[in-house]
Amino acid sequence: MKTRISGKQINMSDLMFSISEAMDVAHHKLALHQLRTAYICWKMAEEAVLAPAQIEKLFLAAMLHDIGAFTALEKISHYEFEAEDCEPHCLRGELIYRQVPWLAASAKMVRLHHTPWCRCNESIDAPDVMEAQMLMLAEKLEREIDREGYILNQTSALREKMHNMAGKIIHTRVVELFLCISENEAFWLELTAPNLMNFLKYKGPVQHIYGDAAAALKMEEFFTAIIDFRSKYTASHTAGVSSCTNSLGILLGLPESERVELELAATLHDLGKIGVPNEILEKPGQLTRQEFAMIKMHSYLTFTLLDSV
Ligand SMILES: [Fe+2]
Ligand SMILES: [Fe+2]
Ligand SMILES: [Fe+2]
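Reading the values: the criteria
Residues numbered from 1 in each chain as written. Chains lettered and ligands numbered in written order. Predicted model: local features only at pLDDT ≥ 70, side-chain atom pairs only at ≥ 80, totals over all residues. Heavy atoms only, no water. Helix = DSSP H or I, 4+ residues; strand = E, 2+ residues; numbered from the N terminus. Contact = heavy atoms within 4.5 Å. Core = buried A, V, L, I, M, F, W, Y, C linked by side-chain atoms within 4.5 Å. Buried < 20%, exposed > 50% of the residue type's maximum accessible area, 1.4 Å probe, protein only. Domains from an automatic or database assignment. Donors = N, O, S within 2.8 Å, 3.2 Å for Na, K, Ca; no water. Tetrahedral: all angles 85-135°; square planar, octahedral: opposite > 155°, others 65-115°. Phe/Tyr/Trp six-rings, centres within 6.5 Å; stacked < 30°, edge-to-face > 60°. Expected span 1.5 Å × (residues − 1). Bend = angle between axes of the 7 residues up to and from the residue. Salt bridge = Lys/Arg side-chain N within 4 Å of Asp/Glu carboxyl O. Axes fitted to C-alpha atoms, helices over the stretch in contact; angles between N-to-C directions. Parallel < 35°, antiparallel > 145°, perpendicular 65-115°, else oblique. Left-handed = near helix turned anticlockwise from the far one by under 90°. Nonpolar A, V, L, I, M, F, W, Y, C, P; charged D, E, K, R; others polar.

Considering the overall build of the chain
Next, step 1: When helices and strands are tallied, the chain shows 16 helices and two strands.
Next, step 2: Put simply, of all contacts in the chain between residues at least 6 apart along the chain, 72% involve residues at least 24 apart.

So, the nonpolar core
Next, step 1: Ile-19, Met-44, Leu-64, Phe-178, Phe-222 and Ile-226 are the most contacted members of the largest nonpolar core, which has 76 residues in total.
Next, step 2: Structurally, this core is a two-domain feature, drawing no fewer than three residues from each of domain 1 (10–203) and domain 2 (233–307).
Next, step 3: Residues in contact with Phe-178, not counting those within four places in the same chain, are Met-44, Leu-137, Leu-141, Leu-158, Arg-159, Met-162, Phe-187 and Trp-188.

Things to note about the coordination of the iron ion (ligand 1)
Next, step 1: In this structure, His-33 (NE2), His-65 (NE2), Asp-66 (OD) and Glu-139 (OE) serve as the protein donors to the iron ion (ligand 1), at separations of 1.9 to 2.2 Å.
Next, step 2: Here the iron ion (ligand 1) is ringed by four donor atoms whose angles at the metal span 87 to 161°, and the overall shape comes out irregular.
Next, step 3: In primary sequence terms, the donor set of the iron ion (ligand 1) follows H-x31-H-D-x72-E.
Next, step 4: Here the iron ion (ligand 1) and the iron ion (ligand 2) are spaced 3.7 Å apart, linked through Asp-66, which binds each one.

Observations concerning the packing of aromatic side chains
Next, step 1: Applying the stated rule across the entire model yields nine aromatic pairs.
Next, step 2: Taking 6.2 Å as the distance between ring centres and 55° as the angle between the ring planes, the aromatic pair formed by Phe-17 and Phe-59 counts as tilted. Of this pair, Phe-17 sits in helix 1 (residues 12–23) while Phe-59 sits in helix 3 (residues 52–63), and the two are 42 residues apart along the sequence.
Next, step 3: By relative accessible area, Phe-17 is classed as buried at 2%.
Next, step 4: Residues Phe-178 and Phe-187 carry aromatic rings whose centres are separated by 6.4 Å and whose planes lie at 70° to one another, so their mutual orientation is edge-to-face.

Brief notes about helix 3
Next, step 1: Here helix 3 contains twelve residues, and its C-alpha end-to-end distance of 16 Å stays within 8% of the 16 Å for a straight helix at 1.5 Å per residue.
Next, step 2: Of all twelve residues in helix 3, nine are buried; the element is thus mostly enclosed.
Next, step 3: For helix 3, the complete set of buried residues consists of Gln-54, Ile-55, Glu-56, Leu-58, Phe-59, Leu-60, Ala-61, Ala-62 and Met-63.
Next, step 4: Buried positions along helix 3 lie against helix 1, helix 2 (33–47), helix 5 (87–98), helix 6 (107–111), helix 7 (129–144) and helix 11 (196–203).

So, helix 16 (residues 289–307)
Next, step 1: The terminal C-alpha atoms of helix 16, which comprises 19 residues, lie 28 Å apart, in line with the 27 Å expected from a rise of 1.5 Å per residue.
Next, step 2: Where helix 16 bends most, at Ser-299, the angle is about 30°.
Next, step 3: Of all the positions in helix 16, only Glu-291, Met-294, Ile-295, His-298, Leu-301, Thr-302 and Leu-305 are classed as buried.
Next, step 4: Close packing links the buried residues of helix 16 with helix 1, helix 14 (256–268) and helix 15 (278–281).

Section: the pattern of salt bridges
Next, step 1: One pass over the full model with this rule turns up 15 salt bridges.
Next, step 2: In this structure, Glu-142 and Arg-36 form a salt bridge, with 3.3 Å as the shortest nitrogen-oxygen distance. Of the two residues, Glu-142 is situated in helix 7 and Arg-36 in helix 2; the sequence distance between them amounts to 106 residues. Judged on exposure class, the residue Glu-142 and its partner Arg-36 are both buried.
Next, step 3: Residue Lys-108 is joined to Glu-122 by a salt bridge in which the shortest nitrogen-to-oxygen separation is 3.1 Å. Separated by 14 residues along the polypeptide, Lys-108 in helix 6 and Glu-122 in the loop between helix 6 and helix 7 bring together distant segments of the chain.
Next, step 4: Classification of Lys-108 as partly exposed rests on a relative accessible area of 21%.
Next, step 5: Through salt bridges that share partners, Glu-87, Glu-94, Arg-98 and Arg-111 make up one connected network.

Side note on the coordination of the iron ion (ligand 3)
Reference values for coordination geometry: four tetrahedral donors around a metal ideally subtend 109.5 degrees, six octahedral donors ideally subtend 90 or 180 degrees.
Next, step 1: For the iron ion (ligand 3), the protein coordination sphere consists of His-237 (NE2), His-269 (NE2) and Asp-270 (OD), at 2.2 Å.
Next, step 2: When the donor residues of the iron ion (ligand 3) are listed from N- to C-terminus, their spacing reads H-x31-H-D. Placement of His-237 in helix 13 (residues 237–251) and of Asp-270 in the loop between helix 14 and helix 15 is noted, with a sequence separation of 33 residues between them.
Next, step 3: On the accessibility criterion, His-237 (31% relative accessible area) is partly exposed.

Quick word on the packing of helix 2 against helix 11
Next, step 1: Two elements in contact, helix 2 and helix 11, have axes whose closest approach is 10 Å; the angle formed by their N-to-C orientations is 45°. Our classification of the angle between helix 2 and helix 11 gives oblique. Relative to helix 11, helix 2 is oriented so that their crossing is left-handed. The segment helix 2 lies against helix 11, with Leu-35, Arg-36, Tyr-39 and Trp-42 engaging Leu-196, Met-197, Phe-199, Leu-200 and Lys-203.
Next, step 2: Per-class residue counts for the contact of helix 2 with helix 11 are seven nonpolar, no polar and two charged.

Coordinates in, geometry out; function isn't part of it.
Have a look at this one:
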């Protein structure tokens, strides 16, 4: 497969946006958590006058920062910064980021996104440390927003909470950046706007990245990491389906171009599982009606993810 997908051009950045959105569909409390976090990081990075390449690195770190969290419980239980159980998803996230060429530079930020300042053993001026602190503040702030309430009624309390973290939990310089940008009502309104994804796609700091053959090869490893490694029951599932599909295509005498399409479909067919919590994917017993409804959603989610690239 690896040499035969060389003609494909995939809009990787749009795909990242779709994956980011899909990661948070598993629970209503999480809707757009990754993208909102990315927006907050972007605005703080602009305020800090970081170089465009560094802003893009931080934005990419934020938009998939919880990619290493596989269960819904894991995703919604990270309210305590110092919680020991935060560590595994930070480490998994770092490993997943390192597998993709255009995400690898953001891996350290992902690794440190729950590390409080008092436990950071590096200078704030060390590479990516201030950005990791920005990501930590952004992620914490995003979780504190009451999705049921009107945002402009929450801003004072939210600013106060972040202010109280200055020093021990978040570096003072980073808190000051946030206090500066959050004075502006437009910041809060943009952050909670329903069209945030399109806004970030067209006006955000990420340049469009199109995949060539080499990038597509890396994509395969990336998808394996985010789909199959979520569960021990599916560890080699995508590779197996892809291999069977190829053999069937040869047996049926399909032309090369159709076999390439089939293999790509096989490689990506379970991408929508990213929106299904592992508790359901791995449940040993019979699924409830509600759980089965979530399982059924994954094929449609796969379609919408791929339809946008
Ligand atoms: Fe998060
Ligand atoms: Fe996290
Ligand atoms: Fe499957």
